[in-house]
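What follows is each chain in one-letter form.
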Amino acid sequence: GLIAALECLCRAATASVAAGQTILILSDRGVDATHAPIPALLALGAVHQHLIGLGRRPAVSLVVESGEPREVHHLACLVGMGAEAVHPYLALATVRALAVERDAVRGKGFPVAGPDIADTAEHQYIQALEKGLLKIMSKMGIATLDSYCGAQVFETIGLDETVIARCFAGIPARLEGVGLPRLAAEVLAQHSAAFAGREAPAAAHPALPHPGFYKFKKEGEYHAFAPAVVHALQRAAGADGDYAAYQAYSTLVHGRPPTELRDLLDFVPRPPVPLATVESAAAIVRRFSTAAMSHGSLSSEAHETLAIAMNRLGGLSNSGEGGEDPTRYHDERNSPIKQVASARFGVTPAYLVAADELQIKMAQGSKPGEGGQLPAHKVSDEIARIRYATPGTALVSPPPHHDIYSIEDLAQLIYDLKQANPRAAVSVKLVAEAGVGTVAAGVAKGGADLILISGHSGGTGASPLSSIKNAGVPWELGLAEAQQTLVINGLRGHVRLRADGGIKTGRDVVIAALLGADEVSFGTAAVVAEGCLMARTCHSNNCPVGIATQRPDLRAKFPGTPEGVIRFFLHIAAEVREILAALGARSLAEIVGRSDLLRQVPRAHAAADRLDLGRLLERVDTAGAAIHNTTARNGRVQTGDLNARLLADAAPALAHGRVITLDYAVDNRDRTVGATVSGAIAGRFGEAGLPDGAITVRCRGSAGQSFGAFLAPGVRLLLEGEANDYVGKGMAGGVIVVRPPAAARYRAAANTIAGNTLLYGATGGALYIAGQAGERFAVRNSGALAVVEGVGDHGCEYMTGGVVLVLGPTGRNFAAGMTGGLAYVLDLDDTFGRRCNPELVTFSPLDAEDEELVQTLLLLHLAETGSGRADELLLGWDQVCARFWRVQPRGACRPQVLHPLLARPSAEEASVPAA
């Protein structure tokens, strides 16, 4: 019946187009007791594909009028599959009815919202849908609705090829699954339930069941961390939690209804080996790590407990993308994995050198394409200090396209990190999605030592509801694809693979290893082991057990101990040992990549048993091909020649405190100049670095990318020539000067002499450029001072601190997302008002204090660069001072100390004669 209905619908669409109709409305308003609806997405997809096949799709617009769509994802699917407009009539009617009902309740002793309450509710609902759709478009890097409409940027899970061919042609589908007959049966079952007992009085109608889509309900769908699972895990991790308690927990997890792809897999029987011959639990837990959860999302007590536990085990804890208190770097509270997210919160040279592994977060599997966010009420003074931000200001971690536009940019960041900390491994966190294997191959070629494949589960405790569902795919899919692609391309032996996303037990660990994972990360399970109750109040700062909160009163209730976390992971390792013995293996290393030891098994579940996991289990290796990691490091990235020379030549300054000056010729093969010596300084002297001017490096020529990246205090880099992208990336101190050659014939102020994305994530220091810079200047600047003579688009985006003076033209979208610091902009052609993004900032003329500050910056710029533009402006100050704007975050007070170079002396200091 469903197939016939789809064919009838397509014939009707063909006839309408032939008759010259230009808008086709696909409506299910005709549903009654004897007519069931065609699912809206199937109807749209079938007509859309049918008209494409006829070459007539551009001739019409498709409108979906349906009672089905009610959430953002529903709207996104319909528009993404070709609907130019959507009318969710039942959702709109429901919102209006709920508003009137609640208004009536509020009228009993509560303020009444007013007669237009239904209209207001409907308007707010529409706004929420539209905002959600825009958010999804932004995650996909799509700026206009026309580009998203019909773009089909989806991946299907569990639909067979006949459905795909008829309705969703071109969308990746790797698992087969249910077909039209099964979908029709589900529609008819829902239809029968909806119309059952309609003849009876309304009071006798059955109540609607609660599906429990977002929060656990006893009568709703299964949740991986249902209360029974949480309680069983905590009993296993408790002081009296023996291995029998863990086995009860593991049995509960693996007796669940099919929930993850691994629930459909089992081990191929093999002759066992004695348990005593299997590697120890201590060796196994060294392959474990905790997932990236920042100090900020977690309290310091919860964050440090995980770090202490993993350090005692010999595993790894992850700082997350929020920096870490420097007092932790040299004791067991230190997180060996330091994450370098795109937003770069609190990334300094000392942070980098305190790591054994540096992790580049491209995205997380549970929220692919979406940056993290720390709400304002969780940004305490402590968190703001660590993150170089303003207390009480929301912190948004944007997606990675702020500094990584291509695999080459990612390779450059890998190179940067290896220059700053040559002893650390570099990992890259990727999302499990169709095509991740190709990306993983590029990452391996780019020099990464480890690739993390992150699945869709977990990481959602503080997420909006629209981010929890329909985001990402299981890590099993991504891991299998990455493993197979790396093996085919001869790259698997150069990198380790790690998996995360809802891993809970030793069985999960072994399945991950068989699919290709050398290591695994635990996120939610580790937090539950230290006391999380899954209250899902993370975002509100009201965690009842002091884990996901910064409130002191709630943090005092934190119940977790390192011993509990250690106990849980040792239980998991014990289960791994038992499974290894049953598989006839004596170590995890023996089974990595051995997907032939897995088989799909039926689970007596009509939909799950239709899936085909054959592609996950395929072995693609040939004789001699490596199927797991065989080297400790990738070996494709070495310390740059100039960085090695600079480190050796700077030895007198590091060892004996001598003031030295060095001279080098540079070209664009010399990348990340200064990072290695800065790492050495941070390793020896910490955040404070060396005294100002201890090491001066004079360079001549065209510097390669990341000149002065992660620069430490005490280092001055003076470049006579030009520089590529990422100058001053993550700099924490020191001074960088870029100026044209003395013999240059061009006018410096009118020419670009430095590339894009300068001062990205800088936390200190000063940058002077006698010329213009490219786009994204000072993005996420958190404390550096900069003077530049013109910038491209997106200047000072997401800036949280520091001072920027622009002595020339600016591109579009200046100061978007800026929440801290100050910017001063010269506006000679009266265009800045159209180029500044006023959402979070105000701009106003200079007052007397501003004038003094800008003149000071001009004098510093002139002294450092000999800038002709600075000289002109100082000489004609009375004529140009009115052409400057001060840009600052809304509601912000001018900081008392903007930057050490601009700090005014105290009265006592001012009375001391200069030396």
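No experiment lies behind these values; they were computed from the predicted model shown.

Asker: I'm lost on the overall build of the protein in this one. Help?
Answerer: A count of helical and extended segments in the protein gives 31 helices and 24 strands. Its C-alpha radius of gyration of 30 Å places the protein within 12% of the 29 Å reference for a compact globule of 915 residues. Projected onto the principal axes, the alpha-carbon positions of the protein cover approximately 95 × 75 × 60 Å. Out of the 915 residues belonging to the protein, those deemed buried represent 55%. For the protein, the exposed area adds up to about 37100 Å²; of that, 55% sits on carbon and sulfur atoms. Distance from the positive charge centre (83 side chains) to the negative charge centre (92 side chains) of the protein: 3 Å.

Asker: I keep staring at the nonpolar core and nothing clicks. Help me out?
Answerer: Soluble globular proteins tend to pack their nonpolar side chains together in the buried interior. By size, the foremost hydrophobic cluster in this structure holds 118 residues, and its most contacted members are Phe288, Ile360, Phe522, Phe568 and Phe569. At 10 residues, helix α22 (residues 562-582) tops the list of elements feeding residues into this core. Leaving out residues up to four positions away in the same chain, phenylalanine 569 has contacts with Val285, Phe288, Thr290, Met310, Leu313, Phe522 and Ala526. Core analysis: the second largest hydrophobic core is formed by 56 residues, Ala712, Ala723, Leu767 and Phe777 among them.

Asker: Honestly, the pairing of strand β17 (residues 715-723) in this entry has me stumped. Any pointers?
Answerer: Put simply, side chains in a regular strand alternate between the two faces of the sheet. Sheet topology note: the strand β16 (residues 695-703)/β17 ladder contains 9 bridges and is parallel. Bridging across to β17, arginine 698 finds its partner in leucine 718. Relative to strand β18 (residues 732-739), β17 is paired through 5 bridges, and the arrangement is parallel. Bridge assignment links leucine 717 to a residue of β18, and that residue is isoleucine 736.

Asker: I tried to follow helix α24 (residues 641-649) on my own but got confused; where do I start?
Answerer: In an α-helix, one full turn covers 3.6 residues, which means residues spaced three or four apart are oriented alike. Those residues of α24 that sit buried are Leu642, Asn643 and Leu646. Across the axial projection of α24, the buried residues extend over an arc of 100°, all falling on one side. Turned more than 90 degrees away from the buried face of α24 sit Asp641 and Ala648, all of them exposed. Of the surrounding elements, those touching the buried residues of α24 are α15 (407-420), β15 (660-666), α26 (675-685) and β16.

About the thresholds
- Residues numbered from 1 in each chain as written.
- Predicted model: local features only at pLDDT ≥ 70, side-chain atom pairs only at ≥ 80, totals over all residues.
- Heavy atoms only, no water.
- Helix = DSSP H or I, 4+ residues; strand = E, 2+ residues; numbered from the N terminus.
- Rg over C-alpha atoms; globule rule 2.2 N^0.38 Å.
- Buried < 20%, exposed > 50% of the residue type's maximum accessible area, 1.4 Å probe, protein only.
- Areas by Shrake-Rupley, 256 points an atom, 1.4 Å probe, with all protein chains shown as cover.
- Lys, Arg positive; Asp, Glu negative; His and termini not counted.
- Charge placed at Lys NZ, Arg CZ, Asp CG, Glu CD.
- Core = buried A, V, L, I, M, F, W, Y, C linked by side-chain atoms within 4.5 Å.
- Contact = heavy atoms within 4.5 Å.
- Pairing = 2+ DSSP bridges.
- Arc of directions from axis to C-beta.

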